[in-house]
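# Working through the structure, step by step
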Amino acid sequence: MKRLFLCILCTAMLVSGPSYAAQGAARSGAAQHMLTPEFWISRTAKHDKIIMDKDEISAFTEEIRRTKETHCVDVLSLPVMLTSEQLTGYIKTFAFPAEDRYIGSRKADADYYALLDAQHNTAAVRDLNIVRFGVATKETPIRVFPTSDPSYTEQDDVQFDINAESIVKVWEPLAILHVSRDGQWLLARSPSVLGWVQVGDVAIIDRKALRQYLSRDCVVVTGNRILLAENHTSLGMGTELTMGTRLPLADSAEGVDGVTTDYSRAVILPGRDKDG
């Protein structure tokens, strides 16, 4: 695990942000005085009112998980083992489409789907299958099938990739259920979706340690996006964090890598080693 600081980079993003906002305002017809938070806050009744406290948020989260239609789960509550029937059911969650699909200009044919089906690696399913755990080390797509190939409804259409199920944010917990035939994709269950993520974007961690990290006090990204520089000087050369990313706080320290914590907080970022 690595510890990095957000202070320098947050400042840089705040400095560069208004130019983008001004460009958007010019196109939308918004006036300059509308480009400040204060304008919108002043128009909101009871903007200081707490909508939910910590206990109410936890209760609401549990209610979401109990509601079957949300498909949301607590990944840390999944069993230690899955039977062959359970794992095969997860693998076969998504059926190949009956309608025409295209990878760019190329139509996906029966041979293509046969190769993709082999990627599911059902031959490797055992009577009992261990559930492992991991976290995303970078914001990464979670896909319907174990391939980076897009799936479009029209030839050369690049507007909507139907193979893209969702996005997994940095530190988002994953239950790892299976590995593709080529070893490059993991069938993973996130708190909100099931799909395939690339092996290189996931760090393996045991359930107990993951629970401990997720129980730490944290900071949450509230801006559109932040680009971290691992050497604290090259903005944009490191990890991208988008709105809603939750980062566990590191233990208190006077400084990390020569950067003081007097005006900042140290957070923990996950990373992979040679063993994953």
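Higher on the page you've got the structure.
First, a word on scope: everything that follows refers to the structure included in this document. (Residues numbered from 1 in each chain as written. Predicted model: local features only at pLDDT ≥ 70, side-chain atom pairs only at ≥ 80, totals over all residues. Heavy atoms only, no water.)

## Details of the nonpolar core
- Ranked by size, the top nonpolar core spans 33 residues in total, and within it W171, A175, L177 and L210 carry the most contacts.
- Secondary-structure elements contributing two or more residues to this core are α4 (84–91), β6 (132–136), β9 (173–179), β10 (185–189), β11 (194–198), α6 (207–214) and β19 (266–269).
- Top contributing element to this core by residue count: β19, with four residues.
- Once you skip the residues sitting within four places of it in the chain, L177 turns out to touch L82, L87, Y90, V131, L187 and L194.
- Judged by nonpolar contacts, the second largest core, of eleven residues, contains I142, V168, I176 and V193. (Core = buried A, V, L, I, M, F, W, Y, C linked by side-chain atoms within 4.5 Å. Buried < 20%, exposed > 50% of the residue type's maximum accessible area, 1.4 Å probe, protein only. Helix = DSSP H or I, 4+ residues; strand = E, 2+ residues; numbered from the N terminus. Contact = heavy atoms within 4.5 Å.)

## Some remarks on the layout of surface pockets
- Size it by volume and the largest pocket reaches roughly 900 Å³.
- Looking at the largest pocket, it is lined by 28 residues, and the ones nearest its centre are T61, R65, P173, P191 and R246.
- Looking at the lining of the largest pocket, the elements that each hand over two or more residues are α3 (54–66), α6 and β13 (218–220).
- Sort the elements by how many residues they give to the lining of the largest pocket and α3 lands first, with seven residues.
- Considered class by class, the residues forming the lining of the largest pocket number 13 nonpolar, five polar and ten charged. (1 Å grid on protein atoms, 1.4 Å probe; cavity = no way out; pocket = protein on both sides within 12 Å on 5 of 7 lines; lining within 4 Å. Points joined across faces, edges and corners; volume = space filled by probe spheres on them. Nonpolar A, V, L, I, M, F, W, Y, C, P; charged D, E, K, R; others polar.)

## Some remarks on the pattern of salt bridges
- If you walk through the whole model with that rule in mind, you get eight salt bridges.
- Of the charged contacts, one joins E62 and R65 as a salt bridge, the two residues approaching to 2.8 Å between their closest N and O atoms. Of this pair, E62 and R65 both sit in helix α3, three residues apart, which is roughly one turn of the helix.
- With a relative accessible area of 35%, E62 lands in the partly exposed category.
- For R65, a relative accessible area of 31% puts it in the partly exposed group.
- In this structure, the salt-bridge partner of E139 is K169, at a minimum N-O distance of 3.9 Å. Taken as a pair, E139 in the loop between β6 and β7 (140–143) and K169 in the loop between β8 (164–168) and β9 lie far apart in primary sequence, 30 residues in all.
- Given a relative accessible area of 24%, K169 falls into the partly exposed group. (Salt bridge = Lys/Arg side-chain N within 4 Å of Asp/Glu carboxyl O.)

## What to know about empty space enclosed by the protein
- By the definition in use, this model includes two cavities of 30 Å³ or more.
- In this structure, the largest cavity occupies an estimated 90 Å³ of space.
- Y112, Y113, L116, P150 and S151 are, among the 14 residues lining the largest cavity, the residues nearest its centre.
- Counting only elements with at least two residues in the lining of the largest cavity, the list comes to β3 (102–103) and α5 (110–119).
- In terms of residues, the lining of the largest cavity owes the most to one element, α5, which gives three residues.
- Residues that form the lining of the largest cavity fall into these classes: nine nonpolar, three polar and two charged.
- Of the pockets and cavities examined, the second largest cavity occupies roughly 30 Å³.
- In this structure, the second largest cavity is lined by Y90, I91, F94, H120, V144, F145, L187, L194 and W196.
- Going through the elements one at a time, α4 and β11 are the ones with two or more residues in the lining of the second largest cavity.
- Residues belonging to the lining of the second largest cavity are distributed by class as follows: eight nonpolar, one polar and no charged.

## Description of unusual backbone geometry
- In this model, H71 sits at a positive phi of 60°, which is unusual for a non-glycine residue.
- With respect to the helices and strands, the residue H71 is situated in the loop between α3 and β2 (81–83).
- Within the chain, D156 stands out as a residue other than glycine whose phi angle is a positive 60°.
- The topology assignment puts D156 in the loop between β7 and β8.
- Classification of D156 by relative accessible area gives exposed; the value is 53%.

## Observations regarding a nonpolar patch on the surface
- On the surface, I51, M52, I57 and F60 cluster together to form a nonpolar patch covering roughly 410 Å² of accessible area.
- Looking at the secondary structure, you find I51 in the loop between α2 (37–42) and α3. (Patch = residues over 30% accessible without salt bridge, like charges linked within 9 Å, V, L, I, M, F, W, Y side chains within 5 Å. Areas by Shrake-Rupley, 256 points an atom, 1.4 Å probe, with all protein chains shown as cover.)

## Quick word on α3
- The first and last C-alpha atoms of α3 sit 19 Å apart over 13 residues, in line with the 18 Å expected at 1.5 Å per residue.
- With a side-chain oxygen lying 3.2 Å from the backbone nitrogen of D55, the N-terminal cap of α3 falls on D53. (Expected span 1.5 Å × (residues − 1). Polar contact = N/O pair within 3.5 Å; in protein donor to acceptor, adjacent residues only side chain to side chain.)

## Here's the deal with the packing of aromatic side chains
- With the rule as written, the count across this model stands at five aromatic pairs.
- On the numbers, 4.7 Å between centres and 90° between planes, the contact of F39 with W40 is edge-to-face.
- Ring geometry for Y112 against Y113: centres 5.6 Å apart, planes inclined by 70°, an arrangement best described as edge-to-face.
- Owing to a relative accessible area of 15%, Y113 belongs among the buried residues under this scheme.
- Connected via pairs of aromatic rings, a cluster forms that spans F96, Y112, Y113 and F145. (Phe/Tyr/Trp six-rings, centres within 6.5 Å; stacked < 30°, edge-to-face > 60°.)

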